[in-house]
Amino acid sequence: MTMDDLAIPRTPAARAALEVARAYCSPALLNHSVRAYLWAAAYASARDIAHDAELLYVAAMLHDLGLVEEFDNHTVPFEDAGGHVAWVFAAGAGWPPERRTRASEIIVRHMWDEVSVDRDPESHLLVFGTSLDISGHRAEVLPHTLHAEVLDRYPRRGLGAEFLAGFQDQAARKPDSAAAACVRAGIAERIAANPLDAYGA
């Protein structure tokens, strides 16, 4: 499996979501968003998981916007804030209400421990992609050659330290959030042990 095997949606909404991510995310967070989609798409291909690629791509591009200063919300978890951003984005893209809600749900659910593939394949895939990219969870599922190719094209750029700082900030201000639970459960150690960092910066 190579990156050429992975379909990247070219719809107007997909292009706009990438433009939004480029405008508001740091270089490290932007590359993380792209990689999260690529890992998810690769996993879907390997496991033959039918899914809506445009919906998954848009959610992947927008899923961490709640961590950036412009969209940070001091009263709700970052994934909920990001879900609201996604709903507004999808409305602007002309998506019907139920599809706007789906985009929001996927972003909220990416912080769940797991999501049933039968219940919600897009959320299941985004959980896989983000978990792999942040902590290396289940990295062995995908070929090392794909890891190397993706990370050469979209390097990590110090993501681990930046992401941990963001989660620690969320935990301090929102102690009941999923981010706070991750900090208490030792996400710092898991980030530090991420095998993807062996491929370089």
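Check the entry above for the structure.
Residues numbered from 1 in each chain as written. Predicted model: local features only at pLDDT ≥ 70, side-chain atom pairs only at ≥ 80, totals over all residues. Heavy atoms only, no water.

Visitor: Could you give me a rundown of the packing of aromatic side chains, with the residues and numbers involved?
Guide: Applying the stated criterion across every chain yields a total of 5 aromatic pairs. Centroid distance Tyr-24 to Phe-71: 4.9 Å. Interplanar angle 65 degrees. Geometry classified as edge-to-face. Linking Tyr-24 in helix H1 (residues 12–24) with Phe-71 in the loop between helix H3 (53–62) and helix H4 (78–92), this pair joins segments that are 47 residues apart in sequence. Residue class for Tyr-24 comes out partly exposed when judged on its relative accessible area of 35%. Residue classification places Phe-71 among the partly exposed residues on the basis of a relative accessible area of 25%. Ring-pair connections join several aromatic residues into one group, and the members of that group are Phe-78, Phe-163 and Phe-167. Taking NZ or CZ as reference, Arg-99 lies 4.5 Å from the ring centre of Trp-95, over its face. (Phe/Tyr/Trp six-rings, centres within 6.5 Å; stacked < 30°, edge-to-face > 60°. Helix = DSSP H or I, 4+ residues; strand = E, 2+ residues; numbered from the N terminus. Buried < 20%, exposed > 50% of the residue type's maximum accessible area, 1.4 Å probe, protein only. Lys NZ or Arg CZ within 6 Å of the ring centre and 35° of its normal.)

Visitor: Before we move on, could you go through the packing of H4 against helix H5 (residues 97–109) and cite the residues and values that matter?
Guide: Contact geometry of H4 with H5 gives a least axis separation of 8 Å together with a crossing angle of 155 degrees. Taken together, the axes of H4 and H5 are roughly antiparallel relative to one another. Seen along the crossing, H4 lies across H5 with a hand that is right-handed. Within the contact between the two elements, H4 uses Glu-79, Asp-80, Gly-82, Gly-83, His-84, Ala-86, Trp-87, Ala-90 and Ala-91 and H5 uses Pro-97, Arg-100, Thr-101, Ala-103, Ser-104, Ile-107 and Val-108. Here the residues of the contact of H4 with H5 sort into 8 nonpolar, 5 polar and 3 charged. (Axes fitted to C-alpha atoms, helices over the stretch in contact; angles between N-to-C directions. Parallel < 35°, antiparallel > 145°, perpendicular 65-115°, else oblique. Left-handed = near helix turned anticlockwise from the far one by under 90°. Contact = heavy atoms within 4.5 Å. Nonpolar A, V, L, I, M, F, W, Y, C, P; charged D, E, K, R; others polar.)

Visitor: Outline the nonpolar core, supporting the account with residue identities and numerical values.
Guide: Formed by 60 residues in total, the largest nonpolar core has its most connected members in Tyr-37, Trp-39, Met-61, Leu-62 and Leu-146. Considering every element that reaches this core, the biggest residue donor is helix H2 (residues 27–47), with 13 residues. Sequence-distant contacts of Tyr-37, defined by excluding residues within four places in its chain, comprise Ala-7, Ile-8, Pro-9, Ala-53, Leu-56, Tyr-57, Ala-60 and Met-61. (Core = buried A, V, L, I, M, F, W, Y, C linked by side-chain atoms within 4.5 Å.)

Visitor: Explain the layout of surface pockets to me, and be specific about the residues and the numbers.
Guide: Of the voids in this model, the largest pocket is the one considered here, and its volume is about 600 Å³. Around the largest pocket sit 26 residues that line it, and Trp-112, Asp-113, Val-127, Ser-131 and His-137 are the ones nearest its centre. Secondary-structure elements contributing two or more residues to the lining of the largest pocket are helix H6 (121–135), helix H8 (159–173) and helix H10 (187–192). At 7 residues, H6 tops the list of elements feeding residues into the lining of the largest pocket. The residue inventory of the lining of the largest pocket, partitioned by class, reads 12 nonpolar, 9 polar and 5 charged. The volume enclosed by the second largest pocket comes to roughly 220 Å³. For the second largest pocket, the lining is made up of 14 residues, of which Leu-18, Arg-22, Val-34, Tyr-57 and Tyr-154 are closest to its centre. (1 Å grid on protein atoms, 1.4 Å probe; cavity = no way out; pocket = protein on both sides within 12 Å on 5 of 7 lines; lining within 4 Å. Points joined across faces, edges and corners; volume = space filled by probe spheres on them.)

Visitor: Hey, could you go over the environment of Ala-198 for me, with residue numbers and the actual values?
Guide: Along the chain, Ala-198 falls in the segment after H10. In this structure, the C-alpha to C-alpha distance between Ala-198 and Ala-148, residues 50 residues apart in sequence, is 9.6 Å.

Visitor: Any details on the pattern of salt bridges? Residues and values, ideally.
Guide: What the rule picks out here adds up to 13 salt bridges. Put simply, Asp-133 and Arg-35 hold a salt bridge, and the shortest N to O gap is 2.7 Å. Pair noted here: Asp-133 is in helix H6 and Arg-35 is in helix H2, with a separation of 98 residues, a long-range link. Classification of Arg-35 by relative accessible area gives buried; the value is 0%. In this structure, Asp-133 engages Arg-156 in a salt bridge whose closest nitrogen and oxygen atoms are separated by 3.4 Å. Of the two residues, Asp-133 is situated in helix H6 and Arg-156 in the loop between helix H7 (144–153) and H8; the sequence distance between them amounts to 23 residues. Neither Asp-133 nor Arg-156 differs from the other in exposure class; each is buried. One network of salt bridges, with partners in common, ties together Arg-102, Glu-105, Arg-109, Asp-120 and Glu-122. (Salt bridge = Lys/Arg side-chain N within 4 Å of Asp/Glu carboxyl O.)

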